[in-house]
Amino acid sequence: MSDPLLRELDHYVVLEPGQGERILTAAETLLWLASHVEALDDPPADLADLADPAARAGRLIDTACELELAPGCSIQWFAVRLEPPG
């Protein structure tokens with residue numbers, strides 16, 4: 001996420017296969033993503049140097065919007081603004 005305004009967002013839309021979209025707070029999104037990262041047998045190479053699932057989830061929030069859990073099975077998250085900037 002290169003736009004600094006995106007870092008101020010407090011909510012994310014999360015998408016999982018077989019489930020409807022959900023809106024989570026930033027903290028809930030980190031926990032949701034950390035649980036998925038923790039369940040991976042082999043984390044992506046760019047996350048392997050990070051010590052724990054929370055740190056890995058934080059890096060993903062800052063640098064990506066999709067994580068492949070298995071071939072052809074991915075989760076996605078997108079920052080959203082629920083109210084106009086004030």
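Scroll up a little and you will see the structure.
Residues numbered from 1 in each chain as written. Predicted model: local features only at pLDDT ≥ 70, side-chain atom pairs only at ≥ 80, totals over all residues. Heavy atoms only, no water.

Asker: Can you help me understand the overall build of the protein chain in this one?
Answerer: Per the secondary structure count, the protein chain includes two helices and four strands. Across the protein chain, helices and strands are ordered from the amino to the carboxyl terminus as β-β-α-α-β-β. A burial count over the protein chain gives 26% of its 86 residues as buried. Taking contacts inside the protein chain between residues at least 6 apart in sequence as the whole, the part at least 24 apart equals 44%. Counting only carbon and sulfur atoms, one obtains 54% of the accessible surface of the protein chain, whose full area is about 5500 Å². (Helix = DSSP H or I, 4+ residues; strand = E, 2+ residues; numbered from the N terminus. Buried < 20%, exposed > 50% of the residue type's maximum accessible area, 1.4 Å probe, protein only. Contact = heavy atoms within 4.5 Å. Areas by Shrake-Rupley, 256 points an atom, 1.4 Å probe, with all protein chains shown as cover.)

Asker: Where do I start with the sheet that holds strand 1 (residues 11–15) in this structure?
Answerer: Pairing between sheet strands relies on hydrogen bonds along the backbone, with the strands arranged either parallel or antiparallel. One open sheet accounts for four strands, arranged 2-1-4-3; its pairing is antiparallel. The open sheet has two edge strands, strand 2 (22–25) and strand 3 (66–70), and neither has a second partner. Neighbour to neighbour, the strand axes of the sheet diverge by 25 degrees on average, direction disregarded. Relative to strand 4 (residues 73–80), strand 3 is paired through four bridges, and the arrangement is antiparallel. Bridging from a neighbouring strand, E68 pairs with S74 of strand 4. The sheet contacts of helix 1 (residues 26–39) involve strand 1, strand 2, strand 3 and strand 4, and relative to strand 2 the element is tilted by about 105 degrees. (Pairing = 2+ DSSP bridges. Axes fitted to C-alpha atoms, helices over the stretch in contact; angles between N-to-C directions.)

Asker: Can you walk me through the pattern of salt bridges in this structure?
Answerer: Here the idea is simple: oppositely charged side chains can pair when their charged atoms come close. What the rule picks out here adds up to two salt bridges. The closest approach of N and O atoms between E16 and R22, which form a salt bridge, is 2.8 Å. By relative accessible area, E16 is classed as buried at 16%. With a closest N to O distance of 3.6 Å, D49 and R59 form a salt bridge. Taken together, the residues D49 in the loop between helix 1 and helix 2 (53–63) and R59 in helix 2 connect sequence positions 10 residues apart. (Salt bridge = Lys/Arg side-chain N within 4 Å of Asp/Glu carboxyl O.)

Asker: Where do I start with the packing of aromatic side chains in this structure?
Answerer: Under the definition given, this model contains one aromatic pair. Relative to W77, the ring of W32 has its centre 6.4 Å away and its plane inclined at 75 degrees; by these criteria the two rings are edge-to-face. Within this pair, whereas W32 is found in helix 1, its partner W77 is found in strand 4, the two being separated by 45 residues in sequence. Given the relative accessible area of 8%, W32 is considered buried. (Phe/Tyr/Trp six-rings, centres within 6.5 Å; stacked < 30°, edge-to-face > 60°.)

Asker: I would appreciate a short explanation of helix 2 in the present structure.
Answerer: Because the α-helix completes a turn every 3.6 residues, residues three or four places apart line up on one side. All buried positions along helix 2 are accounted for by R56, A57, L60 and I61. Buried residues of helix 2, seen end-on, are gathered within an arc of 140 degrees and therefore sit on one face of the element. In this structure, helix 2 carries A54 and T63 as exposed residues pointing more than 90 degrees from its buried face. Where helix 2 is buried, its residues meet strand 1, helix 1, strand 3 and strand 4. Put simply, D52 is the residue that caps the front of helix 2, since its side-chain oxygen is 3.0 Å from the backbone nitrogen of A54. (Arc of directions from axis to C-beta. Polar contact = N/O pair within 3.5 Å; in protein donor to acceptor, adjacent residues only side chain to side chain.)

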